[in-house]
Amino acid sequence: MTPEGFLLLSAAGLLFLATARSLECTKYNVKTCEECIRSGPGCAWCKKRNFTKVGEPDSIRCDTKEQLRMRGCEADIIFPESYASPYPLPPPNMKKQIYPDEVDLRLRQDQPAVFNVTFRRGEDYPIDLYYLMDLSYSMGDDLDNVKKLGEDLMKALNKITRLARIGFGAFVDKTVLPFVNTHPEKLQNPCPSTETKCQPPFAFRHVLSLTNDAMRFEKEVGTQYISGNLDAPEGGLDAMMQAAVCGDKIGWSNATRLLVYATDDGFHFAGDGKLGAILTPFDGKCHLEGNMYKKSNEYDYPSVGQLVQKLEENNIQPIFAVTSKVSNTYRKLSEMIPKSAVGELQGDSNNVIQLIQDAYNNLSSKIILDHSPLPNFIKITYDSFCPNHVVIKDRPRGECDNVKKSNEITFQVKITATKCVENQALVIRPLGFTDSLTVNIRSRCDCECDEERLDPSVCSGQGKVDCGICRCNSGFTGKNCDCETGGKSSRELEKTCRKDNASVICSGLGDCVCGQCACHTSDDPKKHIYGTFCECDNVNCELHDGRVCGGEERGRCDCGKCKCNAGFEGSACHCRSTTDGCVNEKGSVCSGRGRCECNACHCQHGYQRPFCKECPGCSSPCAKYSSCIECLAFSSGRLAKNCSTACSNIKVTKELPSDSKACREKDSENCWISYKMFQEDGDEKYSVKVNPERECPEPPNIAAIVGGIIAGVALIGLLLLIIWRFVTELIDRREYRRFEKEKAKAKWNDADNPLFKSATTTVVNPRFNGQ
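Anyway, here's the lowdown on the structure attached to this text. (Residues numbered from 1 in each chain as written. Predicted model: local features only at pLDDT ≥ 70, side-chain atom pairs only at ≥ 80, totals over all residues. Heavy atoms only, no water.)

## Examining the pairing of strand β15 (residues 341-344)
In plain terms, the rule: Only strands joined by at least two bridges in the DSSP assignment are considered to pair. Under the scheme used here, helices are H or I runs from DSSP no shorter than 4 residues and strands are E runs no shorter than 2 residues, and both carry numbers assigned from the N terminus. With the strands aimed away from the viewer, a crossover counts as right-handed if its path from the first strand over the helix to the second runs clockwise.
Sheet topology places strand β14 (residues 316-322) next to β15; 4 bridges connect them, and they run parallel. Across the sheet, the residue bridging to V322 is E344, located in β15. Between the parallel elements β14 and β15, the chain passes through helix α11 (residues 327-336) in a crossover that is right-handed.

In structure tokens:
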């Protein structure tokens with residue numbers, strides 16, 4: 001089958017999808033054509049002036065095209081559709097590989113637009129090849145072969161195209177520890193042997209800009225010497241990034257851009273710079289000064305994501321020419337780069353030309369159609385119609401393999417906007433090629449009704465028609481602008497159409513016209529909407545046997561409740577009217593304390609079936625009616641003056657049934673009254689039997705009380721006096737004993753008192769000899 005046949009089938013599938021979606025129109029209370037169009041991709045609007053009937057809302061105008069036609073709207077349907085307008089094809093002599101080169105899209109919300117993009121792989125399409133080589137010490141023999149590579153490489157490229165150019169660059173690593181030896185002597189000659197001619201280490205050097213002069217290539221490369229570093233991984237990502245972003249210095253042109261990366265080891269990436277105290281992330285800019293990457297010691301290595309982004313932005317296809325020991329590492333890296341290839345390099349790089357040819361053939365035969373970043377509300381998918389009748393559908397990007405020269409392949413692009421968008425632009429391009437397609441996107445969310453001039457009397461001369469409905473002048477409102485607001489705002493008018501502040505206008509089932517609700521006419525002819533706020537209808541009631549209120553023969557629905565016909569009752573008119581099962585032994589229906597529905601009693605709160613006689617949870621009537629008992633039986637108490645009126649539900653009798661309730665309460669004179677109560681049929685009706693003898697307490701003996709009080713006071717006074725005297729005696733005795741104890745301890749001595757003089761004088765006769 002030809003690609004054109006596949007396109008027809010695809011278009012038919014899209015048409016079927018669009019038709020299926022057009023059968024659906026989800027709408028909710030839309031009032032204008034724009035609201036209708038934005039409510040769903042299948043919604044259409046009827047602008048016919050007299051399309052709506054009395055009581056019908058304007059939302060009736062919004063439906064699928066099929067439904068509107070069935071209602072009599074034929075030529076007045078507004079249904080904007082998404083479409084694509086490609087610019088005219090370029091002249092045949094222009095060497096463009098992709099066309100059209102510009103497309104205008106008008107997108108309706110959630111409705112896709114489809115257009116075709118054709119790619120034709122051209123002949124003699126120019127090629128720019130930049131050879132980026134690792135000049136670490138282990139690549140010495142490789143460099144000797146590359147120095148002789150210029151003429152052979154140009155011959156190989158000229159077999160592909162007459163417009164080929166080659167350039168050269170080299171890299172080693174950052175010139176800080178631990179990547180290179182920073183000893184002054186080693187910075188001058190980093191090779192193991194001083195006899196080896198070796199140049200100082202560097203991060204990246206741009207040696208030769210792209211040129212078609214093979215002899216110049218050999219001359220410039222011939223001036224290069226090997227260098228060296230300490231660790232195994234190299235600074236290759238630094239070099240690739242500078243080669244990608246420094247386009248002016250490298251000399252990239254509007255051509256197929258190939259970057260050959262030759263090395264025998266791995267690579268450093270973002271974060272490794274911390275080993276050398278380099279913390280600033282790479283900024284993605286060109287920093288070549290004098291063809292040298294001067295700021296390699298200031299910026300960290302780029303991340304793989306940054307490298308992939310810059311290679312894609314600049315349409316550069318890397319070819320990794322690496323030795324077998326690191327080929328798996330670079331194959332994993334190649335999987336992250338959409339247009340890249342990996343080839344195994346022999347130990348001395350003598351197979352590099354064949355490697356480049358094979359890699360170029362693989363890259364150029366695989367066409368990937370991709371687009372620039374999109375906002376999240378724009379979705380894009382690709383259907384790819386590839387050679388050999390291979391069809392790939394609904395992919396996030398177009399992709400075809402085995403595309404040969406002069407082959408023409410087609411991609412069908414489907415773009416959908418999930419909301420109305422302002423002007424947007426995106427670029428679609430085949431990866432690895434400079435040709436591109438610009439897509440200009442504008443929304444199509446307006447109705448574009450193009451109203452013809454109508455009679456001025458339309459809209460009562462106080463407005464104009466917009467898509468079939470009246471837009472009233474200031475001071476007027478209503479479907480035909482026939483209501484004068486009298487200076488009131490629309491909010492004030494609508495306030496009278498709300499049941500309360502929290503409800504919607506006319507319960508959402510009518511229009512507020514001049515401050516009053518005009519209820520809508522339902523699509524169901526049997527349904528009638530009514531009420532001051534359109535809150536009522538005649539269908540939303542309980543069902544019986546699947547019919548509203550059991551059917552017309554049993555009752556009718558009125559504002560949510562069933563109004564039953566004679567002979568029927570119940571919330572859904574599901575029962576016949578009878579009271580046989582509700583009559584007690586006295587012939588009273590539900591004992592006067594309930595209603596009989598469906599031949600069963602529905603008792604008042606607390607009373608129990610079957611006849612609503614007993615109320616176990618109710619409070620006792622004894623205390624409640626004690627005042628009535630006192631006034632009826634003893635003509636006293638607070639109700640004595642209006643006893644017959646206040647106690648009309650109480651009847652005093654001499655005999656009561658045995659199951660009467662016994663009561664004993666105090667009256668207003670603090671006497672105990674004993675009586676029995678029996679509840680009769682009816683609400684709070686009682687018969688009582690009162691004991692005529694009241695139990696009143698004896699009056700108090702005043703003399704005994706007074707005498708007792710006096711005696712008690714005297715006794716308490718005497719007791720306090722005795723206690724006081726006893727305590728005083730104890731204190732005196734304790735003080736006396738202390739005095740006696742201190743007196744016994746005292747010992748007086750004459751010599752102890754220097755002021756003491758004895759009253760006795762002794763005279764000695766010196767002549768006395770004792771004889």
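## Re the state of the cysteines
To be explicit about the condition: For the purposes of this analysis, a disulfide is any pair of cysteine sulfur atoms at a distance within 2.5 Å. Exposure is judged per residue with a 1.4 Å probe applied to protein chains only, and the accessible area is read against the type maximum: over 50% gives exposed, under 20% gives buried, and values in between give partly exposed.
For the structure shown, the criterion picks out 28 disulfides. Covalent S-S linkage joins C246 and C286, the inter-sulfur distance amounting to 1.9 Å. Since a negative S-S torsion denotes a left-handed disulfide, the C246-C286 link at about 110° is right-handed. Of the two residues, C246 is situated in the loop between α8 (236-245) and α9 (247-250) and C286 in the loop between β11 (256-263) and β12 (288-289); the sequence distance between them amounts to 40 residues. C628 shares a disulfide with C647; S-S distance 2.0 Å. Disulfide C628 to C647: torsion about the S-S bond roughly -85°, handedness left-handed. Here C628 is found in helix α15 (residues 626-634), whereas its partner C647 is found in the loop between α16 (643-646) and β39 (650-652), with 19 residues between them in sequence. According to the relative accessible area criterion, C628 is buried, its value standing at 5%.

## Here we look at the sheet that holds strand β40 (residues 661-666)
Applied cut-off: Angles run from 0 to 180 degrees between N-to-C directions of axes, and those axes are lines fitted to C-alpha atoms, restricted for helices to the stretch in contact. Here, two residues are considered to be in contact whenever any of their heavy atoms come within 4.5 Å of each other.
Pairing is mixed across the open sheet formed by 4 strands, whose spatial order is β39-β42-β41-β40. If you trace the sheet from one side to the other, it starts and ends with β39 and β40, each paired once. Between one strand and the next, the sheet's axes are offset by a mean angle of 35°, whatever the strand orientation. When β40 meets strand β41 (residues 672-679), the two strands line up antiparallel, connected through 6 bridges. Bridged to K666 within β41 is W672. Its contacts with the sheet put α15 on β39, β40, β41 and β42 (686-690), and the angle it makes with β41 is roughly 105°.

## With respect to the packing of α8 against helix α10 (residues 304-313)
Relative placement of two packed helices is described by the angle separating their axes and the distance separating the axes. Put simply, the rule reads: Just so you know how the angles are binned, under 35 degrees is roughly parallel, over 145 roughly antiparallel, 65 to 115 roughly perpendicular, and the rest oblique. Helix crossings get a hand from a simple test, with the near helix turned counterclockwise from the far one by less than a right angle marking a left-handed crossing and a clockwise turn marking a right-handed one. Under this grouping Gly is polar, as are all residues other than the nonpolar Ala, Val, Leu, Ile, Met, Phe, Trp, Tyr, Cys and Pro and the charged Asp, Glu, Lys and Arg.
Two elements in contact, α8 and α10, have axes separated by 9 Å at closest approach and are oriented at 25°. One way to sum up the angle between α8 and α10 is to call them roughly parallel. α8 and α10 meet at a crossing whose hand is left-handed. Taken together, the residues of α10 that come into contact with α8 (itself represented by L237, M240, M241, A244 and V245) are Q306, L307, K310 and L311. Within the contact of α8 with α10, the residues separate by chemical class into 7 nonpolar, 1 polar and 1 charged.

## Quick notes on the pattern of salt bridges
In plain terms, the rule: When a carboxyl oxygen of Asp or Glu is within 4 Å of a side-chain nitrogen of Lys or Arg, the pair counts as a salt bridge.
What the rule picks out here adds up to 24 salt bridges. Put simply, K310 and E313 hold a salt bridge, and the shortest N to O gap is 3.5 Å. Of this pair, K310 and E313 both sit in helix α10, 3 residues apart, which is roughly one turn of that helix. With a closest N to O distance of 3.0 Å, E553 and R547 form a salt bridge. Salt bridges here are not isolated pairs; linked through shared partners, they connect R106, R444 and E448.

## A few points about unusual backbone geometry
At the junction of Y99 and P100, the peptide bond is cis and its omega measures out at 0° in the coordinates. Relative to the elements of secondary structure, P100 occurs in the loop between β5 (98-99) and β6 (102-107). At the junction of R609 and P610, the peptide bond is cis and its omega measures out at 15° in the coordinates. Relative to the elements of secondary structure, P610 occurs in the loop between β38 (600-603) and α14 (621-624). In this structure, C549 is a non-glycine residue whose phi angle is positive, near 55°. Topologically, C549 is positioned in the loop between β32 (547-548) and β33 (555-558).

## With respect to the environment of F267
Along the polypeptide, F267 turns up in the loop between β11 and β12. For F267, a relative accessible area of 13% puts it in the buried group. Taking the C-alpha atoms as reference points, F267 and S253, 14 residues apart in sequence, are found 28 Å from one another. Ignoring any residue separated from it by four or fewer positions in sequence, one finds F267 in contact with P233, E234, L237, Y261, T329, Y330 and L333.

## Regarding the packing of helix α5 (residues 150-158) against helix α7 (residues 214-222)
Look at α5 against α7: their axes get within 8 Å of each other, and the N-to-C directions meet at 145°. For the pair α5 and α7, the sense of crossing is right-handed. For the pair formed by α5 and α7, the contact residues are G150, E151 and M154 on the first element and A214, F217 and E218 on the second. For the contact of α5 with α7, the per-class residue count stands at 3 nonpolar, 1 polar and 2 charged.

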